[in-house]
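Observations on the model geometry
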Amino acid sequence: MTAWHRRAARTPAPPRRRLSVWALASAMLVAAAMVPVAAGPTPAGASTTAGTGAGKGWTATWTASPQRPSRSFTPNWAEEGFTRQTVRQVVRISAGGRLTRVRLSNAYGTAPLRVTGATIARTARGASIRPETLHHLTVERARSFTIPAGAELAGDPVALPLKALDSVTVTLHFAAPTGPATYHAQATATSYRAAGDHRADTSATAFTDTSQSWYYLSAVDVIGATPRRPGVVAFGDSLTDGYGSTPGADNRYPDELAERLSTTSRPRAIVNQGIAGNLVTVDSPQFGDSATSRFGRDVLAQPRVGTVIVLAGTNDIGMSEAPSPIGGPAVEVPAQKVIAGHLSLIRQARAKGVRIIGATLPPMKGSRYHTPRSERKREEVNTWIRTSGQYDAVIDLDRALASPTDEDQLDPAYDAGDHLHLNDAGYRAVAHAVNPADLG
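To start, this report covers the structure provided alongside it. Since we're looking at a predicted model, the values are computed, not measured. Going along each chain's sequence as written, the residues are numbered from 1 onward. Two thresholds apply to this predicted model, a pLDDT of at least 70 for residue-level local features and 80 or more for giving and counting side-chain atom pairs, whereas whole-chain, interface and lining totals are computed over all residues. Hydrogen atoms and water are omitted, and side-chain values are computed over all heavy atoms in the structure.

**Focus: the overall build of the protein chain**
Formally: A run of H or I in DSSP becomes a helix once it reaches four residues, and a run of E becomes a strand once it reaches two; helices and strands are each numbered from the N terminus. Contacts are assigned to residue pairs that have any heavy atoms within 4.5 Å of one another. Values of accessible area rely on a 1.4 Å probe in the Shrake-Rupley scheme; residue burial ignores everything except the protein chains shown.
Of the regular secondary structure elements, the protein chain holds 10 helices and 20 strands. Pairs at least 24 apart in sequence give 82% of the contacts found in the protein chain among residues at least 6 apart. Carbon and sulfur atoms form 52% of the exposed surface of the protein chain, whose accessible area is close to 16,000 Å².

**Side note on the packing of helix 5 (residues 291-300) against helix 7 (residues 335-351)**
Heads up, the rule is: Where helices are involved, their axes are fitted lines through C-alpha atoms of the stretch in contact, as for all axes, and angles between N-to-C directions lie from 0 to 180°. Our angle categories are set so that under 35 degrees counts as roughly parallel, over 145 as roughly antiparallel, 65 to 115 as roughly perpendicular, and the remainder as oblique. Each crossing gets its handedness from the near helix: less than a right angle anticlockwise from the far helix is left-handed, clockwise is right-handed.
Interhelical geometry of helix 5 versus helix 7 gives an angle of 30° and a closest axis separation of 10 Å. Compared by their axis directions, helix 5 and helix 7 come out roughly parallel. The interaxial crossing formed by helix 5 with helix 7 has right-handed handedness. Here Ala 291, Thr 292, Phe 295, Gly 296 and Leu 300 of helix 5 come into contact with helix 7, specifically with Gly 341, Ser 344, Leu 345, Gln 348 and Ala 349.

**What to know about helix 7**
The periodicity of an α-helix, 3.6 residues per turn, causes residues three or four places apart in sequence to face the same way. This is how it is decided: A helix's residues, less one, multiplied by 1.5 Å, set its expected span. Working definition: with a 1.4 Å probe on protein chains only, accessible area under 20% of the residue-type maximum means buried, over 50% means exposed, and in between means partly exposed.
Between the first and last C-alpha of helix 7 there are 25 Å, a value that for 17 residues agrees with the 24 Å anticipated at 1.5 Å per step. Looking only at helix 7, the buried set comprises Ala 335, Val 338, Ile 339, Gly 341, His 342, Ser 344, Leu 345, Ile 346 and Ala 349. Contact partners of the buried residues in helix 7: strand 16 (231-236), helix 5, strand 18 (305-311), helix 6 (314-318), strand 19 (355-359) and helix 8 (372-387). Two residues or fewer after helix 7 comes Gly 353, characterised by a positive phi angle close to 75°.

**Focus on the environment of Ala 194**
When you line up the elements, Ala 194 lands in strand 12 (residues 191-195). Given the relative accessible area of 1%, Ala 194 is considered buried. In the structure, Ala 194 is positioned 12 residues away from Ala 206 in sequence and 5.5 Å away in space, judged by C-alpha atoms. If sequence neighbours within four positions are ignored, Ala 194 has contacts with Gln 85, Thr 86, Ala 206 and Phe 207.

**Topic: the sheet that holds strand 9 (residues 152-154)**
Rules: We call two strands paired when DSSP finds no fewer than two bridges between them.
What the four strands build is an open sheet, ordered 1-15-3-9; its pairing is antiparallel. Every other strand in the sheet has two partners, leaving strand 1 (58-63) and strand 9 as the edge strands with one partner each. Between one strand axis and the next, the sheet turns by 25° as a mean value, whatever way the strands run. Direction of pairing for strand 3 (residues 99-105) relative to strand 15 (residues 217-223): antiparallel, over a ladder of six bridges. Across the sheet, the residue bridging to Arg 103 is Ala 219, located in strand 15.

**So, the sheet that holds strand 17 (residues 270-274)**
With parallel pairing, five strands are arranged side by side in an open sheet as 17-16-18-19-20. Single-partner strands in this sheet number two, and they are strand 17 and strand 20 (393-395). Strand after strand, the sheet turns through a mean of 25° between neighbouring axes, direction not considered. Two strands pair when backbone bridges link them, and strand 18 and strand 19 are joined in this way by four bridges, in the parallel orientation. Of the residues in strand 19, the one forming a bridge with Thr 307 is Arg 355.

**A word on the environment of Glu 79**
You can see Glu 79 is positioned in the loop between strand 1 and strand 2 (85-92). Along the chain, Glu 79 and Pro 180 lie 101 residues apart, while their C-alpha atoms are 4.5 Å from each other. Discounting chain neighbours no more than four positions away, the residues touching Glu 79 are Pro 69, Ser 70, Arg 71 and Pro 180.

**Some words on the pattern of salt bridges**
So the rule is basically this: Definition used for salt bridges: Asp or Glu carboxyl oxygen within 4 Å of a side-chain nitrogen of Lys or Arg.
Going through the model one piece at a time under the given rule, you end up with 27 salt bridges. One salt bridge connects Arg 68 with Asp 289, and the closest N-O pair in it is separated by 2.6 Å. Within this pair, whereas Arg 68 is found in the loop between strand 1 and strand 2, its partner Asp 289 is found in the loop between strand 17 and helix 5, the two being separated by 221 residues in sequence. Owing to a relative accessible area of 33%, Arg 68 belongs among the partly exposed residues under this scheme. For Asp 289, a relative accessible area of 6% translates into the label buried.

**Here we look at the nonpolar core**
Stated formally: Take the buried residues of types Ala, Val, Leu, Ile, Met, Phe, Trp, Tyr and Cys, join any two whose side-chain atoms come within 4.5 Å, and each joined set is a nonpolar core.
By size, the foremost hydrophobic cluster in this structure holds 61 residues, and its most contacted members are Phe 235, Phe 295, Val 308, Ile 309, Val 310, Ile 356 and Val 381. Contacts of Val 308, omitting those with residues within four sequence positions, involve Val 233, Phe 235, Phe 295, Val 299, Val 354, Arg 355, Ile 356 and Ile 357. Ala 64, Ala 78, Ile 93 and Tyr 215 belong to the second largest nonpolar core, which has 37 residues in total.

**Examining the packing of helix 4 (residues 253-262) against helix 10 (residues 424-433)**
How we decide: Polar here means any residue other than Ala, Val, Leu, Ile, Met, Phe, Trp, Tyr, Cys and Pro, which are nonpolar, and Asp, Glu, Lys and Arg, which are charged; Gly is therefore polar.
The N-to-C vectors of helix 4 and helix 10 enclose an angle of 55°; their axes lie 8 Å apart at closest approach. Between helix 4 and helix 10, the angle falls in the class oblique. When the axes of helix 4 and helix 10 are compared, the crossing they make is right-handed. Only Tyr 427, Arg 428, Val 430, Ala 431 and His 432 of helix 10 make contact with helix 4, whose side of the interface consists of Tyr 253, Glu 256, Leu 257 and Arg 260. Considered class by class, the residues forming the contact of helix 4 with helix 10 number five nonpolar, one polar and three charged.

**Side note on unusual backbone geometry**
Excluding glycine, most residues fall at negative phi; most peptide bonds, likewise, are trans. Even without being a glycine, Glu 140 presents a positive backbone phi close to 45°. One can find Glu 140 in the loop between strand 7 (135-136) and strand 8 (145-147). Classification of Glu 140 as partly exposed rests on a relative accessible area of 30%. One non-glycine residue, Tyr 216, lies in the positive phi region at around 65°. Examined against the element boundaries, Tyr 216 turns out to sit in the loop between strand 14 (214-215) and strand 15. Among the residues examined, Tyr 216 registers a relative accessible area of 2% and is labelled buried.

Given below as structure tokens:
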């Protein structure tokens, strides 16, 4: 037992029937309990989780990139954090498995995070859950645990078998003040909050407050997934995060791609590591660490990753013309710097043996980002993505999403209304522009 675990206060162990879960996990070579790394801030490019890499048998089936607590386009609870409150979050996985585990992130916490208790269950509707599927989440079979500042923790295996495209509900209770919360700003989904301890509630009655962000929840992993192909990470900005899609409908392009592949001979886990507003080359308190600096953590450190799809650069170009209304970085990024950022991502992926696919930047004429100068930059970056031969494959979204009457503008059928982001039909078109054979 580590010194950290000796310091951690615990509640009594769960009932003996849980031991069968451990026996099964051990037989599958995954008796990896929730293991912290050393406390303290960790660079975004570094892995912050022990025991979660490839070779342990786990597959990431749902993810969200952690961000610093900040204000965003919609109100959130990140800066205030939680005290004597319960947070309930609903996510839809991409691939199923025999056992499940949850990962929680305190990546941007400045102090250890005390989780009084947590549960997982299959979702019923809204904030209600299916009572027969409720399981308490544990750390070495203890229901209360602490996540060091700067760390991510992966939990004990749970005997909750899941199928592809199932929705699961993760509920976290915090008795002590958390301080500002590591979160994911644009969930395009509803999270719920209740006063007091409601981690085991099966109904939605107590969960009267809502938010459109995720808090501390960074991943759901499965083991025994079928098929056993390595997973795919969708990496980028708001066009990957799903801004403009219908909230709560799981119509982001990675969701649509998972749905599409689930009906083919090539189904696999597809996880989303997009951050709305994210830039390739510039860190931002509101929009996350730059793509080049977070790539190691958000892509390469995920278990059983085989391929990454990169759709990034629009914000570097656009914010050179129109800074964000919520205080994003004022930048002047030339096209060659964006290209250098893409080359950095390619080098990082190749060093880890991960296949990397580049997507061209979609049209943005008519948006606040569009000027003659930004259009020239976009065309220069897209020409490089198409013709340089640096990527293992290319998805030409510039052409797939263009208006039939103006190639510099989004097809109106795909436009969410701001001439920059996509609606549900647009994200579906992105998923159908992916050649399954290119995923490896």
